[in-house]
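Commentary on secondary and tertiary structure
Okay, here's what each chain looks like letter by letter:
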Amino acid sequence: AAPFVVGLEAAELRAEIDERRYAEQRIHASRQELSRILDNMQDMYFRTDMNGVVLRVSPSVRDLLGYTPEEVIGLNVAQIFNDGDDLAKFMSALERTSGSLWGHEVQVRRKDGRVIWVSKNAQFYFDDTGAVAGIEGRVIGADQAFRLAGGVLGAAFEGMSGARGSHVLSTPVARKARLHGGK
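Below or above, wherever it landed, is the structure these notes cover. Here the structure is a predicted model, which means the values were calculated and not measured. (Residues numbered from 1 in each chain as written. Predicted model: local features only at pLDDT ≥ 70, side-chain atom pairs only at ≥ 80, totals over all residues. Heavy atoms only, no water.)

**Things to note about the pairing of strand β1 (residues 44-49)**
Burial within β1 is extensive, with 5 of its 6 residues counted as buried. In terms of strand pairing, β1 meets strand β5 (residues 132-141) through 6 bridges, oriented antiparallel. Paired with D49 across the strands is G134, a residue of β5. Of the pairings in the sheet, the one linking β1 to strand β2 (residues 54-57) comprises 3 bridges and is antiparallel in character. (Buried < 20%, exposed > 50% of the residue type's maximum accessible area, 1.4 Å probe, protein only. Helix = DSSP H or I, 4+ residues; strand = E, 2+ residues; numbered from the N terminus. Pairing = 2+ DSSP bridges.)

**Topic: a negative patch on the surface**
A contiguous patch of negative charge, built from E9, E12, E16 and E19, is present on the exposed surface. Within the secondary structure layout, E16 lies in helix α1 (residues 2-40). (Patch = residues over 30% accessible without salt bridge, like charges linked within 9 Å, V, L, I, M, F, W, Y side chains within 5 Å. Areas by Shrake-Rupley, 256 points an atom, 1.4 Å probe, with all protein chains shown as cover. Salt bridge = Lys/Arg side-chain N within 4 Å of Asp/Glu carboxyl O. Lys, Arg positive; Asp, Glu negative; His and termini not counted. Charge placed at Lys NZ, Arg CZ, Asp CG, Glu CD.)

**Concerning the nonpolar core**
Ranked by size, the top nonpolar core spans 26 residues in total, and within it M44, L65 and F90 carry the most contacts. With residues up to four places along the chain from it excluded, the contact list for L65 reads M44, I80, V108, R110, K111 and I116. (Core = buried A, V, L, I, M, F, W, Y, C linked by side-chain atoms within 4.5 Å. Contact = heavy atoms within 4.5 Å.)

**A few points about the environment of R62**
With respect to the secondary-structure elements, R62 resides in helix α2 (residues 61-65). Residue classification places R62 among the partly exposed positions, given a relative accessible area of 43%. The sequence separation of R62 and M44 amounts to 18 residues, and the corresponding C-alpha distance is 9.1 Å.

**Details of the pattern of salt bridges**
Per the stated rule, a full pass over the model turns up 7 salt bridges. Salt-bridge contacts for D18 lead to R21; the nearest nitrogen and oxygen are separated by 3.7 Å. Pair noted here: D18 and R21 are both in helix α1, with a separation of 3 residues, about one helical turn. Using a relative accessible area of 46% as the deciding quantity, one classes D18 as partly exposed. Take R21: its relative accessible area is 46%, and that puts it in the partly exposed class. Salt bridges sharing partners connect three or more residues here, namely R110, D112 and R114.

**With respect to a nonpolar patch on the surface**
A cluster of nonpolar residues, M50, F126 and V132, forms a patch on the protein surface that exposes about 270 Å² of accessible area. Relative to the helices and strands, M50 resides in the loop between β1 and β2.

**Observations concerning unusual backbone geometry**
In this structure, S98 is a non-glycine residue whose phi angle is positive, near 60 degrees. By the secondary structure assignment, S98 is in the loop between α4 (84-96) and β3 (100-109). Under the relative-accessibility criterion, S98 is labelled exposed at 69%.

**Overview of the packing of aromatic side chains**
The tally for this structure, following the rule as stated, stands at 1 aromatic pair. Where F81 meets F90, the ring centres are 6.0 Å apart and the plane angle is 40 degrees; that geometry is what we call tilted. Classification of F81 by relative accessible area gives buried; the value is 7%. Between the NZ or CZ atom of R47 and the centre of the ring of Y125, over which it lies, the distance is 3.7 Å. (Phe/Tyr/Trp six-rings, centres within 6.5 Å; stacked < 30°, edge-to-face > 60°. Lys NZ or Arg CZ within 6 Å of the ring centre and 35° of its normal.)

This is how it looks when you write it as structure tokens:
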């Protein structure tokens, strides 16, 4: 009976090892896919801790802000926002919207010192206990956003008057869109 038990235990151990190996392969493949997605995004993805320290950023930060990802990771976002008040307004708006913000326009400073408008979608992300761990989202440059605003918003709000559509088209990016061919 003892050799049978040892053989059974060895078979169970091999099965557990094979299962673990397969799970590790799936995790590795999933991480590679996520990395490919982030590496090929045109919009800039970012993740910060609750103190504003950049933990992760997509390679598209090069095109948008002129930095390499390695230069941005570890920076505090206050060093990128053009104005400290803009950062405070962003955080306040994020808190007012229960941790999810869409289309927030703000000025940021590129590595070369130029100030540009960007549009941010952001949300809180949570740790394993459910506590807010930081902020993540995507940033699109004004040149991309104003083309979208000029086409999509311009068509959607054409002919609208009054307060309902006017505030959307009076944002800095939307105003730029109107100046560059949008309605």
